[in-house]
Amino acid sequence: MGPIFFVTGVPGCGKTTVSRALLERFPKGVHISVDDLREAVVSGFVLPDFAWPPDADEQFRLARETATDAARRYAAAGFAVVVDDCLGPQREPAIDTSHFGGLVEDPSVVRVLLRPSLAVVLERNRARGNALVDFLAQAIPVLYDVQERGLRDGWTPIDTSELTVDETVERVLALAN
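Residues numbered from 1 in each chain as written. Predicted model: local features only at pLDDT ≥ 70, side-chain atom pairs only at ≥ 80, totals over all residues. Heavy atoms only, no water.

**Quick notes on the overall build of the protein chain**
For step 1, the next point in the chain: Helix and strand content of the protein chain: six helices and five strands.
For step 2, the next point in the chain: Reading the helices (α) and strands (β) of the protein chain from amino to carboxyl end gives β-α-β-α-α-β-β-α-α-β-α.
For step 3, the next point in the chain: Expressed as lengths along the three principal axes of its C-alpha atoms, the size of the protein chain is roughly 40 × 35 × 30 Å.
For step 4, the next point in the chain: Looking at the 177 residues of the protein chain, the share that counts as buried comes to 45%. (Helix = DSSP H or I, 4+ residues; strand = E, 2+ residues; numbered from the N terminus. Buried < 20%, exposed > 50% of the residue type's maximum accessible area, 1.4 Å probe, protein only.)

What follows is the structure in structure tokens.
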């Protein structure tokens with residue numbers, strides 16, 4: 001059985017970068033990004049926004065259930081797995097992990113909250129210059145606050161504001177031992 005890591009944090013905190021660098025430390029590793037699964041939708045894709053349309057709920061649910069199934073299958077085959085998702089509120093002000101079928105609550109899963117300072121994250125997102133930059137400038141502070149309050153028990157926050165990617169990976173690996 002391979003290890004499963006769950007990496008979360010706000011957009012721009014380094015989830016993808018850290019996930020990929022972490023998996024390079026294992027002979028077999030797979031990165032499962034909930035965003036990538038959602039973006040595989042060819043027609044009918046719904047971007048999240050503050051109105052949070054019902055179709056967004058469905059697409060997140062399907063992507064998270066698929067990520068969970070894939071993580072369990074790959075781990076059973078001996079792969080190290082990282083599931084990467086920005087956990088936050090949809091319609092409710094709390095974080096709902098029910099779409100992960102118990103994966104997030106599994107004590108064998110290493111749960112990491114990447115937590116660079118809010119200023120660092122906002123600057124990273126501004127520098128990205130993607131189409132969501134204005135929406136993210138408003139959404140990130142909300143998500144940042146919700147994650148601070150909602151991801152306590154079982155989650156390890158890592159302030160990556162001044163850490164290199166390798167230093168962050170070392171801290172995550174230390175949690176698995």
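**Digging into the pairing of strand β2 (residues 29–33)**
For step 1, the next point in the chain: The buried count for β2 comes to four of five residues, which makes it a mostly enclosed element.
For step 2, the next point in the chain: Relative to strand β3 (residues 80–84), β2 runs parallel, the two being bridged by five bridges. Considered in β3, the bridge of Val-30 is made with Val-81. (Pairing = 2+ DSSP bridges.)

**Considerations on the pairing of strand β1 (residues 4–8)**
For step 1, the next point in the chain: Buried residues dominate β1, accounting for five of its five residues.
For step 2, the next point in the chain: Neither face of β1 is open: one carries Ile-4, Phe-6 and Thr-8, the other Phe-5 and Val-7, and all of them are buried.
For step 3, the next point in the chain: Where β1 meets β3, four bridges bridge the pair, whose relative direction is parallel. Among the inter-strand pairings, Ile-4 is bridged to a residue of β3, identified as Val-81.
For step 4, the next point in the chain: Pairing of β1 with strand β4 (residues 110–114) involves four bridges; the strand directions are parallel. Its bridge partner lying in β4, Phe-5 is registered against Val-110.

**Notes on the environment of Val-133**
For step 1, the next point in the chain: Position of Val-133 among the secondary structure elements: in helix α5 (residues 133–150).
For step 2, the next point in the chain: Each C-alpha atom, one on Val-133 and one on Asp-57, is 22 Å from the other, the two residues being 76 residues apart in sequence.
For step 3, the next point in the chain: Apart from the residues within four sequence positions on either side, Val-133 is in contact with Asn-125 and Arg-126. (Contact = heavy atoms within 4.5 Å.)

**Regarding the sheet that holds β3**
Within a beta sheet, neighbouring strands are joined by backbone hydrogen bonds and run either parallel or antiparallel to one another.
For step 1, the next point in the chain: A sheet is described by the order of its strands in space; here five strands give the open sequence β2-β3-β1-β4-β5, paired in parallel fashion. In this open sheet, the two strands that pair with only one neighbour each are β2 and β5 (156–158). On average, each strand axis in the sheet is inclined to that of its neighbour by 25°, with strand direction left out of account.
For step 2, the next point in the chain: In the packing of helix α1 (residues 15–23) onto the sheet, contacts are made with β1, β2, β3 and β4, and the angle to β3 comes to roughly 180°. (Axes fitted to C-alpha atoms, helices over the stretch in contact; angles between N-to-C directions.)

**Describing the packing of aromatic side chains**
Each aromatic ring pair is characterised by the separation of its centres together with the angle its planes make.
For step 1, the next point in the chain: Counted under the stated rule, the structure contains four aromatic pairs.
For step 2, the next point in the chain: Ring geometry for Tyr-74 and Phe-79: centres 5.1 Å apart, planes at 85°, overall edge-to-face.
For step 3, the next point in the chain: Just above the ring of Phe-60 sits the side chain of Arg-38; from NZ or CZ to the centre is 4.0 Å.
For step 4, the next point in the chain: Positioned over the ring face of Tyr-144 is Arg-115, at 3.5 Å from the centre of the ring. (Phe/Tyr/Trp six-rings, centres within 6.5 Å; stacked < 30°, edge-to-face > 60°. Lys NZ or Arg CZ within 6 Å of the ring centre and 35° of its normal.)

By themselves, these observations are geometric and do not establish any function.
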